[in-house]
Amino acid sequence: MASSMSRPGPNPALWILLDTEALMDDRRNATTAASGTSTGGHIQVTLLAADPPRDSRFCVHVAGLTKDGGRGRRRGSYRPMLPAPRVLYTEGRLALLSVPVSSSTTDYFIYRAGRRPSLQLLPAACSDQREALRHGPFGLVPHGDDGEHFVLAALRYNEYTGDYDLHVFRSERGSWAKHTLVFGGGVEHLDLEKAIALGGGELGWVDLGKAILVVDVLAKTPKHRVIPLPKLLPVNQKECSSGPRWLLRRSFRDVVVCSDGSIRCVELEHCKRRAEIPDVSAMDVLHDAELPLGTYANMPSHKYEYLGWRIITWTRAMDSTCWRKGGLIGSRRRHPCKRPWPQCLAAARDGARLDGEAPGDGERALPELG
């Protein structure tokens, strides 16, 4: 997987695609920053930037960490039993990294790209905040002159109280704080899958099937509200009712913030219809090809005919109370198309419009895309 962040250098408009898994290697360049670890060790992080579409990667080096977890042998060889360092979130020139420094300790760092790169170890947190860091999702909001400070926030559902716990770290204070948020309005336990920066100090935690929980994390007392998402398309609703929702939804829907500050929801649907297995009593001749040799227990009671795919986009301004359909495209191909979803996400992030044809014969026309 890849994330994105501002490319270090004089031109802040340039972007890179960032691999979320870091390398363990002792490399140094102008982007190298160093810090101490919670176990008293030394760590350095280097950004290896590459022009898109190639992935850029972080290189992490923890001094003295060897293959067997001890010191003095095979310097620079990372212990394979430990998870690899990962990039958890990026915003502008900031990146949140998790680095296992021992079998029982994972440290969290904020890397700041720029002419004077820096690496900051986040202080130890209480058990609730450690759980929030471990499971996420997180959001980062730069603030202050030239973004010299930042707020790191994680939102978690509290199954005991039915409320949401907001864990906030403020760099200027160097400490954690916890706030209890009551959203009301029938907001049940949501599967928060990602966090997006909405601007103006607001972060949005997204349940891709239901809603965005919006919180102003810069406010002394965080203000919060709920933005409901459009209903899933019919086939996707049925798919989510019979499988792990959080895993399925990420394969066909995403929510992004466009360059004009609007929110865009993009969804892919594979259209299909159920084709009943014919009743053999209505047939006069049974061909061998129509007589499967599998056991009845392994035979489905019905099968599906693939009809094609379609992609729909919805857009809304930050202060709006409604979603407006941005466009609908699709294809009536008789086999699944493997390319539209990545193209769709690219179009959504660029703010491109997806247009469909006019309805005809009582249904929405789906133009052939080749």
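Residues numbered from 1 in each chain as written. Predicted model: local features only at pLDDT ≥ 70, side-chain atom pairs only at ≥ 80, totals over all residues. Heavy atoms only, no water.

(A) View of the overall build of the protein. Across its full length, the protein holds four helices and 22 strands. Relative to its full complement of 370 residues, the protein shows a buried share of 44%. In the protein, 52% of the contacts between residues at least 6 apart in sequence involve partners at least 24 apart. Taken as a whole, the protein presents about 20,300 Å² of accessible surface, with 51% of it coming from carbon and sulfur. (Helix = DSSP H or I, 4+ residues; strand = E, 2+ residues; numbered from the N terminus. Buried < 20%, exposed > 50% of the residue type's maximum accessible area, 1.4 Å probe, protein only. Contact = heavy atoms within 4.5 Å. Areas by Shrake-Rupley, 256 points an atom, 1.4 Å probe, with all protein chains shown as cover.)

(B) Layout of the sheet that holds strand E16 (residues 202-207). Pairing within the open sheet is antiparallel, and its four strands lie in the order E15-E16-E17-E18. Because the sheet does not close on itself, it has two edges, and the strands there are strand E15 (194-199) and strand E18 (223-228). Across the sheet, the mean angle separating the axes of adjacent strands is 25° when strand polarity is ignored. By the bridge criterion, five bridges tie E15 to E16 in an arrangement that is antiparallel. In the sheet register, Ile196 faces E16, and the bridge partner there is Gly204. (Pairing = 2+ DSSP bridges. Axes fitted to C-alpha atoms, helices over the stretch in contact; angles between N-to-C directions.)

(C) Representation of the pattern of salt bridges within the structure. Summed over all chains, the structure comprises twelve salt bridges. As a salt-bridge pair, Arg57 and Asp19 come within 3.8 Å of each other at their nearest N and O atoms. Within this pair, whereas Arg57 is found in strand E6 (residues 55-62), its partner Asp19 is found in strand E2 (residues 15-19), the two being separated by 38 residues in sequence. Measuring nitrogen to oxygen at the nearest pair gives 3.2 Å for the salt bridge that ties Arg249 to Asp207. Of the two residues, Arg249 is situated in helix H3 (residues 245-252) and Asp207 in strand E16; the sequence distance between them amounts to 42 residues. Here the residues in one salt-bridge network are Asp191, Glu193, Asp207 and Arg249, joined through shared partners. (Salt bridge = Lys/Arg side-chain N within 4 Å of Asp/Glu carboxyl O.)

(D) Seen up close, unusual backbone geometry. That bond from Pro52 to Pro53 is cis: its omega, 15°, falls within 30 degrees of zero. Note on placement: Pro53 falls in the loop between strand E5 (42-48) and E6.

(E) Main features of the nonpolar core. Grouped together as the largest cluster of nonpolar side chains are 33 residues, with contacts concentrated most on Leu96, Leu122, Leu152, Leu155 and Trp205. When residues of this core are assigned to their parent elements, the largest contribution, six residues, is made by strand E12 (residues 149-157). Other than its neighbours up to four places away in sequence, Leu152 contacts Leu96, Leu122, Leu133, Phe138, Gly139, Leu140, His167, Val168, Phe169 and Trp176. (Core = buried A, V, L, I, M, F, W, Y, C linked by side-chain atoms within 4.5 Å.)

(F) Quick look at the confidence of the model for the protein. In the predicted model, the protein carries a mean pLDDT of 78, and 73% of its residues have values of at least 70. When the elements of the protein are averaged for pLDDT, helix H4 (residues 340-350) gives the smallest value, 52, and strand E4 (residues 33-36) the largest, 96. Counted against residues more than four places away or in other chains, residues 353-370, with its pLDDT under 50, gives 43 contacts. (pLDDT = per-residue confidence, 0-100.)

(G) Quick peek at the packing of aromatic side chains. Using the criterion set out here, one finds four aromatic pairs in the structure. Both rings, one in Tyr157 and one in Tyr164, keep their centres 5.2 Å apart while their planes meet at 65°; by these two values the pair is edge-to-face. With a relative accessible area of 26%, Tyr157 lands in the partly exposed category. Aromatic rings pair up to connect Phe150, Phe169 and Trp176 into one cluster. (Phe/Tyr/Trp six-rings, centres within 6.5 Å; stacked < 30°, edge-to-face > 60°.)

(H) Up close: the environment of Leu94. Its place among the elements puts Leu94 in strand E8 (residues 94-100). Residues Leu94 and Phe150 lie 56 residues apart in sequence; the distance between their C-alpha atoms is 8.7 Å.

(I) Main features of the pairing of strand E14 (residues 175-181). By the bridge criterion, seven bridges tie strand E13 (residues 164-170) to E14 in an arrangement that is antiparallel. Looking at the pairing, Phe169 lines up with Trp176 of E14. Linking E13 to E14, which pair antiparallel, is a turn of four residues; within it Gly174 sits at a positive phi near 70°.

(J) Molecular detail of the sheet that holds E13. Taken in spatial order, the four strands line up as E11-E12-E13-E14 in an open sheet, and their pairing is antiparallel. In this open sheet, the two strands that pair with only one neighbour each are strand E11 (138-143) and E14. For this sheet, the mean inter-axis angle between neighbouring strands, taken without regard to orientation, is 20°. The pairing of E12 with E13 spans seven bridges and is classified as antiparallel. Its bridge partner being in E13, Tyr157 is matched across the sheet by Tyr164.

(K) Region of interest: the environment of Phe183. Of note, Phe183 is situated in the loop between E14 and E15. In this structure, the C-alpha to C-alpha distance between Phe183 and Leu213, residues 30 residues apart in sequence, is 8.3 Å. In contact with Phe183, not counting residues within four places along its chain, are Leu155, Tyr164, Leu213, Val214, Val215, His224, Arg225 and Val226.

(L) Here's a closer look at the side chain of Ser262. For Ser262, the location among the structural elements is in the loop between strand E19 (253-257) and strand E20 (263-276). Within polar-contact distance, the side chain of Ser262 engages the side chain of Asp260 at 2.7 Å. (Polar contact = N/O pair within 3.5 Å; in protein donor to acceptor, adjacent residues only side chain to side chain.)

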